[in-house]
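Letter by letter, the chains look like this.
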Amino acid sequence: MSARSVSTALATLTLAISCGVLLMTWADGTTSLELFGFALSGMVPSTALSFVLVALGILATPPLAGRAVPATAIALVVACVAVVDLAALAAGEVGGIEGLVAEDWRQGSMSFATAFQFLLASYCLAALASVRLQSDRAFSACATLGLLLSLVGVVGYAFDSRALTEIFIFSAMAPHTAVTAAMLHAALLAARPQASWIGLLFDVGTGSDAARRMLPFAVLGPFLLCLGTLALVRAEVFDPNFRLSLLTILLMTVSSLAVLRNAETVNHAERQARLDDLTALIKRDYFMQELERGVEGAAKDGTKVGLVLFDLDRFHSINQLLGDSVGDAVLRSVSERVAAEISGTDTLSRTGGDEFALMVCGRHSRDEIIAVAERIRAAVSGPVTVNGGAIDIGTSFGVTIFPDDATDTASLWRSCNLTLSTCKSYGRGSICFFDEKVAAAELKRSQLESELKGAIERDEMFLEFQPLFDIATRRMTCVEALVRWQHVREGLVPPVDFIQVAEESGAIRSLGQWVLRKACAQRAAWKARGLDFKVAVNVSPAETAYDDYPDFLARTLDAAGLDGDDIELEITEGALIDYEIPSVRSFFRVCESRGIGLVIDDFGTGYSSLSYLRRVPVSKIKIDRSFVWQIEHAEGEKLVEAMVRVGKSLDKRIVAEGIENAAQVEALRRIGCHDVQGYYFSPPLRAEAIAV
């Protein structure tokens, strides 16, 4: 039997008893109800109504039904009723809330004990529904105290001990009220078992086997002692006076504290290991355990579980540009925003770096889970304020749902990862839901990513070189190094299929270093043969973002015995956008100091500005092939001519790529382009095929 089913059963029974009392009160004004031969008398309307409200609140909280707002409102109403009755009792008035509602009900009101119980219950109910009020220790303490007070009253009535039924300054709590209150607090504990000692009974949350074995003795022991003491009272060995009350309360309190303290001591190290130091969210391994339990529970009760994976776009740039402390503040802010939007049984985790995972439990429809995901996206889409400055962040979301999109935990996680990877290609702030066709394509991509990491070691990579020619003299001035992947199973993999994968997976760093070493070694070999042309190497913005890349570049040139003017580095316009990042600026400074020529590749397709072109030591601009292919049309030629004029005004040499016919060559010559590259002149060749 699960904790959820126990909570539902106890809340339903509480609801039935209190509704019976309310019906009797409404019908003939009596507050008595006979149930299974027992006369339940003395429950006033406000008590019965409060029991009904709290029971309904438990059934409406996210652990059971996924509706947090009604439960929070109910908790507020119950707390108000209890406060009014306590105030009336303190002022010596009779009737409390009943007197405000109907004159006929002024004959009685809640006792101090009952009103206090409902204050405890209202907090616990609010904590179930709201993340902001979630404190495991406070929730466990309030619910456990309410349960103990109720049980003390029950034991007192069972053994006719007035000293037990009138604890401290509280007036007597009717027996059926005590029983119902005990069931209510037990239902609250079972609704959130991971927050208290009761979770040990249901194998929920952390806890050692020793603690679980010890729990029944620690709970039952005090009651057995109390029963033995009361039996001695019946035998007139003890006088049933105030000392007996103190003894019973002391035994129960010490036992409860011992159980809670033992569980806390046993689990302290494990809880520390569970939580992320920065955000106080659980770590990935423990999240996977919670996800496994959530899926198993959903399979049993027919509900749905949503898995939401999300990460921050360009977070690495935030760390590089503004520092780790600002990045940490952004992560904390995002985690707090998401936590404020989820319910008590949803589980949020920081799975690593800027990556988060959320399990949405207890929902009955796909639309409910989608609504949660949309709400979270709205919450994190606004700028984050750190040290008085606003930082705009983008977040990509992948969402999968059990059992709609997957049948087990492993496939649910895998499908969500694939969905998130697909979502990143759509741009910042996107949210994507599982699609089987897209997932199949993404799975192939993931397999490619996995195999790419070992491709260099398996000697599957090689270089080809495509020449660049001076358009006026037709002399070869440079060759561009192009990496190729000869896959064992798939054959020759196009660069467009694996370069982006390498950039997104981080494999671009090792791949780029391999390409630079090989290209420099080949340039040194050609130089030794007296061949005088440069080698151009493509450098990804992801590579220049690493702090040690400038040092690696300098060491590679020195190891090959090359000067700076022996090579050129081709960068995209995206690198210009990252110019303010310290590592990128350091890269540009090293290139300038070593005399390494920089080429803006695919010019016209990105977002660079003329101000960056002035500031960055760029020697060439390479016009993208998409513009060259339109040059035979009047409008296309005007556009390319404008690019050439801009480049020349900035004293940059102009290169056009993708040349396929003589008409394009003639148009480029006419508008003043300097260098050309394309299959019309030469396809990419192996090193041994290169000739002047």
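Here the structure is shown first, and the text comes after it.
Cut-off values and rules
Residues numbered from 1 in each chain as written. Predicted model: local features only at pLDDT ≥ 70, side-chain atom pairs only at ≥ 80, totals over all residues. Heavy atoms only, no water. Helix = DSSP H or I, 4+ residues; strand = E, 2+ residues; numbered from the N terminus. Buried < 20%, exposed > 50% of the residue type's maximum accessible area, 1.4 Å probe, protein only. Contact = heavy atoms within 4.5 Å. Areas by Shrake-Rupley, 256 points an atom, 1.4 Å probe, with all protein chains shown as cover. Axes fitted to C-alpha atoms, helices over the stretch in contact; angles between N-to-C directions. Parallel < 35°, antiparallel > 145°, perpendicular 65-115°, else oblique. Left-handed = near helix turned anticlockwise from the far one by under 90°. Nonpolar A, V, L, I, M, F, W, Y, C, P; charged D, E, K, R; others polar. Pairing = 2+ DSSP bridges. Core = buried A, V, L, I, M, F, W, Y, C linked by side-chain atoms within 4.5 Å.

### Things to note about the overall build of the protein chain
Step number 1: When you go through the protein chain residue by residue, the secondary structure sums to 26 helices and 18 strands.
Step number 2: For the protein chain, the residues scored as buried account for 52% of the 692 residues in total.
Step number 3: In the protein chain, once contacts between residues fewer than 6 apart in sequence are set aside, the share between residues at least 24 apart is 67%.
Step number 4: Surface summary for the protein chain: the accessible area is close to 31,300 Å², and the carbon and sulfur share equals 57%.

### Points about the packing of helix α5 (residues 112–129) against helix α8 (residues 175–191)
Step number 1: Axis separation between α5 and α8 bottoms out at 10 Å; the angle between their running directions is 20°. Taken together, the axis directions place α5 and α8 in an arrangement best described as roughly parallel. In terms of crossing hand, the pair formed by α5 and α8 is left-handed. Counting all contacts with α5, which are made through Thr114, Gln117, Phe118, Leu120, Ala121, Cys124, Leu125 and Leu128, the residues of α8 involved are Thr177, Ala181, Leu184, His185, Leu188 and Ala191.
Step number 2: Here the contact of α5 with α8 is built from residues that sort into 10 nonpolar, 4 polar and no charged.

### A few points about the packing of helix α11 (residues 284–301) against helix α15 (residues 409–424)
Step number 1: Between α11 and α15, whose axes approach to 10 Å, the crossing angle comes to 120°. For the element pair α11 / α15, the angle class is oblique. In terms of crossing hand, the pair formed by α11 and α15 is right-handed. Only Thr409, Leu412 and Trp413 of α15 make contact with α11, whose side of the interface consists of Arg284, Phe287, Met288, Leu291, Glu292 and Val295.
Step number 2: Each residue belonging to the contact of α11 with α15 can be placed in one class, and the counts come to 6 nonpolar, 1 polar and 2 charged.

### Here we look at the sheet that holds strand β4 (residues 347–352)
Step number 1: Here 5 strands make up an open sheet; going across it, the order is β4-β5-β3-β8-β9 and the pairing mixed. Whereas interior strands pair on both sides, the edge strands pair on one side only; in this sheet they are β4 and β9 (431–433). Between one strand and the next, the sheet's axes are offset by a mean angle of 20°, whatever the strand orientation.
Step number 2: Across 3 bridges, the pairing between strand β8 (residues 394–402) and β9 is parallel. The residue bridging Phe397 from the neighbouring strand is Ile431, located in β9.
Step number 3: Lying over the sheet, α15 contacts β3 (304–313), β4, β5 (355–363), β8 and β9, oriented at roughly 150° with respect to β8.

### A closer look at the nonpolar core
Nonpolar side chains tend to gather and get buried jointly when the protein is soluble and globular.
Step number 1: One finds Leu553, Leu569 and Leu668 to be the most contacted residues of the largest nonpolar core, which totals 72 residues.
Step number 2: Looking at this core element by element, the count peaks at 8 residues for helix α18 (residues 508–528).
Step number 3: In contact with Leu569, not counting residues within four places along its chain, are Leu516, Val537, Val539, Leu553, Phe587, Cys591, Ile596, Gly597, Leu598 and Val599.

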